[in-house]
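The lines below spell out each chain.
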Amino acid sequence: MEGTKLRNIVLYYLLYAIKELGINLPLLFRRITETAAKDIEYISKEFYGGKMSVTDLSQAAKDWCNMLKQEKLVEDISIEFKDNEIDMGVSGCSYLDVAIKAKSRGEKGCPVCLIALAASVAATAVSGISFNAVEYSTNIDEKKCLLKIFYTKS
Amino acid sequence: MPLPMLGRKTVESVRDQLISILKEMESKDPEIEGSVLIRADGLVLASALPADIDRDLVAAMSASALNVSTRVLEELRRGTLENVIIRGAMGVVMIISVAQDIVLAAIGKKDANLGLMLVEMRRAAEKLKNVIEKI
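Residues numbered from 1 in each chain as written. Chains lettered and ligands numbered in written order. Predicted model: local features only at pLDDT ≥ 70, side-chain atom pairs only at ≥ 80, totals over all residues. Heavy atoms only, no water.

## Focus: the environment of aspartate 56 of chain A
Here aspartate 56 of chain A lies in the loop between α3 (40-48) and α4 (57-70). As for aspartate 56 of chain A and alanine 118 of chain A, which are separated by 62 residues in sequence, their C-alpha atoms are 16 Å apart. (Helix = DSSP H or I, 4+ residues; strand = E, 2+ residues; numbered from the N terminus.)

Below you can see the structure in the form of structure tokens.
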């Protein structure tokens, strides 16, 4: 998509500046998750015909994966459920330029994984589920990312 | 880093111990009106804040204040952060480090004795650290 690379590079600079100013990016991640999860009705209506599950975690995660593909944010996603953990394999993420830019400056990868963010919003929007933490890594050559979303049941 | 995966009863028991330490601190220094134990990413580990306060938001802001203060000290080469004190017209907020990535924030009355508040917070921090290290 035209302008995507420029959008991604600007996004990288934005996140870099936030981090440089001292804001912990996992803190930013958690706050966005909490804010977006409260707005789940709007997101579901606007991007998924109001059919997004907020009662069943596995269905909610699948709905979000479908939405991410529909919106062309990723080419493909595989998903696996473990105890208190959702593992995702992402191919062709549209934010790959962010990871490339970050790695070119000696960083590990994307400052914040926006796909993991979407998945943690999906989990947090389900009643009785609290987001715990996230881990992710990118293989730029293969255009693949591995994400782990950890959550707790209350 | 994710929290260790504990059973629900264990989580509740640990949280009860942490809250009891926070309440003990507040009873020893009545100028402390509320407190919260937070992970650096804003996760609330235990809260003894008044009911009308949005604890998640306060946790996120306290963690943020600590993050930014740490960064300022780093940039100005002033060593590791010991505490953050924010004084307002109606009271004070004090934030101290408990362990790596874990902080304790307390709100105090307008004329709170900051030295006493800090002493009680440090005592509580030691106890909180002992509980967390056993997990």
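## Brief notes about the packing of helix α1 (residues 4-20) of chain A against helix α5 (residues 96-104) of chain A
Residues and elements named next belong to chain A. Relative orientation of the contacting elements α1 and α5 amounts to 50 degrees, with a least axis distance of 8 Å. One finds that α1 runs oblique with respect to α5. The chirality of how α1 crosses α5 is right-handed. Contacts between α1 and α5 involve Thr4, Lys5, Asn8, Ile9, Leu11, Tyr12 and Tyr13 from the first element and Leu96, Asp97, Val98, Lys101 and Ala102 from the second. Here the contact of α1 with α5 is composed, by residue class, of 7 nonpolar, 2 polar and 3 charged. (Axes fitted to C-alpha atoms, helices over the stretch in contact; angles between N-to-C directions. Parallel < 35°, antiparallel > 145°, perpendicular 65-115°, else oblique. Left-handed = near helix turned anticlockwise from the far one by under 90°. Contact = heavy atoms within 4.5 Å. Nonpolar A, V, L, I, M, F, W, Y, C, P; charged D, E, K, R; others polar.)

## Details of unusual backbone geometry
Residue and element names in this part refer to chain A. One non-glycine residue, lysine 72, lies in the positive phi region at around 60 degrees. Considering the arrangement of structural elements, one finds lysine 72 in the loop between α4 and β1 (76-82). A residue is classified by how much of its surface remains accessible, and lysine 72, at 64% relative accessible area, is exposed. At lysine 143, a residue that is not glycine, the phi angle is positive and equals roughly 55 degrees. Tracing the backbone through its elements, the reader meets lysine 143 in the loop between β3 (129-139) and β4 (144-153). (Buried < 20%, exposed > 50% of the residue type's maximum accessible area, 1.4 Å probe, protein only.)

## Regarding α4 of chain A
Compared with an ideal rise of 1.5 Å per residue, which puts 14 residues at 20 Å, α4 of chain A spans 20 Å between its outermost C-alpha atoms and is within 8% of the ideal. Regarding α4 of chain A, the residues found buried are Leu57, Ala60, Ala61, Asp63, Trp64, Cys65, Met67 and Leu68 of chain A. (Expected span 1.5 Å × (residues − 1).)

## Looking at the nonpolar core
One finds Trp64, Ile77, Met88, Val90, Ile115 and Leu147 of chain A to be the most contacted residues of the largest nonpolar core, which totals 46 residues. Sequence-distant contacts of isoleucine 77 of chain A, that is, excluding residues within four places in its chain, are made with Cys65, Leu68, Lys69, Met88, Gly89, Val90 and Ile115 of chain A. Formed by 27 residues, the second largest nonpolar core is a distinct cluster that contains Ile32, Ala48, Ile96 and Met117 of chain B. (Core = buried A, V, L, I, M, F, W, Y, C linked by side-chain atoms within 4.5 Å.)

## Side note on the sheet that holds strand β2 (residues 85-91) of chain A
Residues and elements named next belong to chain A. Taken together, 4 strands build an open sheet; the order of strands is β1-β2-β4-β3 and the sheet is antiparallel. Two strands close off the open sheet at either side, each with one partner strand: β1 and β3. Taking each pair of neighbouring strands and ignoring which way they run, the sheet shows an average axis angle of 15 degrees. Sheet topology places β3 next to β4; 10 bridges connect them, and they run antiparallel. The partner of serine 130 across the bridge, within β4, is threonine 152. (Pairing = 2+ DSSP bridges.)

## Here's the deal with the interface of chain B and chain A
It is common to give the size of an interface as the accessible area that goes away when the parts come together. Across the contact, 18 residues belong to chain B and 19 residues belong to chain A. Between chain B and chain A, the buried area comes to about 1500 Å², and carbon and sulfur atoms account for 55% of it. On the surface where chain B and chain A come into contact, there are 1 salt bridge. One salt bridge connects aspartate 41 of chain B with arginine 30 of chain A, and the closest N-O pair in it is separated by 3.1 Å. Joining chain B to chain A, the criterion identifies 5 residue pairs in polar contact (both at pLDDT 80 or more). Tallying contributions element by element places helix α2 (residues 55-75) of chain B first for the side of chain B that touches chain A, with 8 residues. (Buried area = accessible area lost by both parts, 1.4 Å probe. Salt bridge = Lys/Arg side-chain N within 4 Å of Asp/Glu carboxyl O. Polar contact = N/O pair within 3.5 Å; in protein donor to acceptor, adjacent residues only side chain to side chain.)

## So, the state of the cysteines
Residue and element names in this part refer to chain A. Following the criterion strictly, the structure yields 0 disulfides over all chains and no others. With no disulfide partner, cysteine 65 has as its closest neighbouring cysteine sulfur the one in cysteine 113, 12 Å distant. Here cysteine 93 is not disulfide-linked; the sulfur of cysteine 145 is the nearest cysteine sulfur, at 5.5 Å. With a relative accessible area of 13%, cysteine 93 lands in the buried category. (Disulfide = S-S within 2.5 Å.)

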